[in-house]
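# Structural description and commentary
Chain by chain, the residues run as shown.
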Amino acid sequence: MEIKKVMVVGAGQMGSGIAQVCAQAGYQVLLNDVKEESLARGFSIIEKNLSRQVSKEKIREDEKVLILSRLEKSSSLQDAEQVDIVIEAAVENMEIKTKIFGELDQFAPSHAILASNTSSLPITEIAAATSRPEKVIGMHFMNPVPVMKLVEIIRGLATDDEVYQAVEVMTNTLKKVPVEVNDFPGFVSNRILMPMINEAIYTLYEGVATKEAIDEVMKLGMNHPMGPLTLADFIGLDTCLYIMETLHDGFGDDKYRPCPLLRKYVKAGWLGKKTGRGFYNYQ
Ligand code: CAA
């Protein structure tokens, strides 16, 4: 199962990062999005990241040109017919993901692996939207993708060993570290991270301390690179809420109840860094 050509679906923060690291590792990459402006934004993020690496003398200008030459734009899922693996990084919504996987299943060649970068949704359910559940797997990258070393690899109920191994080899080629986990709500990363972030929001909601104090305690006291409220803004408060709801629905335990303050911010459209306002103001 040799992987040469990759399609990344969704040119947002995660998708463009995944496309970048794949192209840097030597894969041919199709970056797909339904919106032309998202594709343009995704390509400009990649170009900016690579230029920063050139200015820091991590890569040469000719290497940057070569990496960019491995990236192509795609506006149709039908282009999946050209690739060996698709990594889906669309919005965190089961209906949208199953629709995309159903279409990819029609177009991708029969040997192609269909991977999802979902941060908490069941891989087994996504796989059931296809006629090849044995070729469906979770490849959960962390944000910012070019920097973070982890890829959580999630086996669905039917995932073939051969598929798991091919994805493990690919992850190593991307110079990332694969960690195998089973298909449970939030997997490992978000089952542990999100309740911590949710608890930080409750701590703010209950007036225990200011947002700055909460972040400072976790940064200086636990050596976290970002405080939990800054991290929530960085991830996106809508994504944090969606993941908490997935944990709450999946386990039915009150300990995963999303904080009302998180719901309120999302309702207000204060989604964090991407909208210019979350727990902090970025305007
Ligand atoms: N894209 C690409 N590169 C970036 C970047 C970005 N968005 N942000 C920072 N970098 C690079 C910088 O260029 C710099 O590179 P060099 O070492 O080559 O110079 C390096 O990262 C360090 O950056 P800075 O010195 O500017 O800043 P920093 O030391 O504060 O690090 C950080 C920034 C890496 C984001 C760090 O704050 C951090 O690790 N934060 C926590 C991130 C985290 O927890 N991510 C997981 C989120 S959860 C998730 O993704 C899963 C989910 O499902 C929700």
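Residues numbered from 1 in each chain as written. Predicted model: local features only at pLDDT ≥ 70, side-chain atom pairs only at ≥ 80, totals over all residues. Heavy atoms only, no water.

The name that an unreviewed UniProt entry assigns to the protein chain is 3-hydroxybutyryl-CoA dehydrogenase, with the source organism given as Heyndrickxia acidicola. Under the UniProt heading Pathway (unreviewed entry), the note attached to the protein chain is "Lipid metabolism; butanoate metabolism." The UniProt entry for the protein chain carries this comment under Sequence similarities (unreviewed entry): "Belongs to the 3-hydroxyacyl-CoA dehydrogenase family." (UniProt positions renumbered as here; feature names shortened; annotations may be inferred.)

Counting its secondary structure elements, the protein chain contains eleven helices and eight strands. Relative to a compact globule of 283 residues, whose C-alpha radius of gyration would be 19 Å, the protein chain shows 19 Å and is just as compact. By residue count, 50% of the 283 residues in the protein chain fall in the buried class. Contacts in the protein chain between residues at least 24 apart in sequence constitute 67% of all its contacts with a sequence separation of at least 6. Of the roughly 13,600 Å² that the protein chain leaves accessible, carbon and sulfur atoms contribute 53%. Taking the average location of the 31 positive side-chain charges in the protein chain and that of its 38 negative ones, the two points are 6 Å from each other. (Helix = DSSP H or I, 4+ residues; strand = E, 2+ residues; numbered from the N terminus. Rg over C-alpha atoms; globule rule 2.2 N^0.38 Å. Buried < 20%, exposed > 50% of the residue type's maximum accessible area, 1.4 Å probe, protein only. Contact = heavy atoms within 4.5 Å. Areas by Shrake-Rupley, 256 points an atom, 1.4 Å probe, with all protein chains shown as cover. Lys, Arg positive; Asp, Glu negative; His and termini not counted. Charge placed at Lys NZ, Arg CZ, Asp CG, Glu CD.)

Near the ligand, the surroundings consist of 18 residues, among which Lys56, Lys58, His140, Asn143 and Asn190 are the closest. With respect to the ligand, the side chain of Lys56 contributes an N or O atom lying 2.5 Å from an oxygen atom. Contacts to the ligand include Asn143, whose backbone N or O atom sits 2.8 Å from a nitrogen atom. For the ligand, whose free accessible area comes to 1,000 Å², the fraction covered by protein is 62%. For the shell around the ligand, the secondary structure elements donating two or more residues are helix H2 (36–55), helix H7 (189–205) and helix H9 (228–235). A breakdown of the residues in the shell around the ligand according to their chemical character gives ten nonpolar, five polar and three charged. (Near = heavy atom within 4 Å. Polar contact = N/O pair within 3.5 Å; in protein donor to acceptor, adjacent residues only side chain to side chain. Nonpolar A, V, L, I, M, F, W, Y, C, P; charged D, E, K, R; others polar.)

Let's shift gears to the UniProt feature "domain: 3-hydroxyacyl-CoA dehydrogenase C-terminal" (unreviewed entry) in the protein chain. UniProt marks residues 186–282 with the feature "domain: 3-hydroxyacyl-CoA dehydrogenase C-terminal" (unreviewed entry), using the numbering shown here. For residues 186–282, helix accounts for 63% and strand for 0%, while the C-alpha atoms at its two ends are 28 Å apart.

A separate point is the confidence of the model for the protein chain. When pLDDT is averaged along the protein chain, the result is 97, and 100% of the positions lie at 70 or above. The ipTM assigned to the predicted complex is 0.96, against a pTM of 0.96. (pLDDT = per-residue confidence, 0-100.)

Core analysis: the largest hydrophobic core is formed by 38 residues, its most contacted members being Val6, Cys22, Ile85, Ile87, Met139, Phe141 and Met170. Not counting chain neighbours up to four residues away, the residues in contact with Ile85 comprise Ile3, Lys5, Val6, Met7, Ile113, Ala115, Met139, Val167 and Met170. Among the nonpolar cores identified, the runner-up in size contains 25 residues, and Ile214, Cys240, Leu241 and Leu261 belong to it. (Core = buried A, V, L, I, M, F, W, Y, C linked by side-chain atoms within 4.5 Å.)

Checked against the element boundaries, Ile46 lands in helix H2. Residue classification places Ile46 among the buried positions, given a relative accessible area of 0%. When the C-alpha positions of Ile46 and Ala23 are compared, they lie 10 Å apart, and in sequence the two are 23 residues distant. Once residues lying within four places of it in the same chain are set aside, the contact partners of Ile46 are Ser16, Ala19, Gln20, Leu31, Leu68 and Leu71.

A sheet is described by the order of its strands in space; here eight strands give the open sequence E3-E2-E1-E4-E5-E6-E7-E8, paired in mixed fashion. Whereas interior strands pair on both sides, the edge strands pair on one side only; in this sheet they are strand E3 (71–74) and strand E8 (177–182). Across this sheet, the average inter-strand angle for adjacent strands is 25 degrees, counted without regard to direction. Here strand E6 (residues 136–141) pairs with strand E7 (residues 150–155) via five bridges, running antiparallel. Pairing of Gly138 across the sheet is with Ile154, part of E7. (Pairing = 2+ DSSP bridges. Axes fitted to C-alpha atoms, helices over the stretch in contact; angles between N-to-C directions.)

Another point: the packing of aromatic side chains. For the structure on display, the rule yields four aromatic pairs. Every member of this aromatic cluster is reached through a ring pair, and the members are Tyr265, Trp270 and Phe279. In this arrangement the basic side chain of Arg155 is found over the ring face of Tyr164, its NZ or CZ atom lying 4.3 Å from the centre. Positioned over the ring face of Trp270 is Arg277, at 3.9 Å from the centre of the ring. (Phe/Tyr/Trp six-rings, centres within 6.5 Å; stacked < 30°, edge-to-face > 60°. Lys NZ or Arg CZ within 6 Å of the ring centre and 35° of its normal.)

Applying the stated criterion across every chain yields a total of 14 salt bridges. Across the pair Glu88 and Lys97 runs a salt bridge, and its minimum N-O distance is 2.6 Å. Each member of the pair, Glu88 together with Lys97, is buried. We note a salt bridge from Glu103 to Lys99, for which the minimum N-O separation is 3.2 Å. Within this pair, Glu103 and its partner Lys99 are both found in helix H4 (residues 94–107), separated by four residues, close to a single helical turn. (Salt bridge = Lys/Arg side-chain N within 4 Å of Asp/Glu carboxyl O.)

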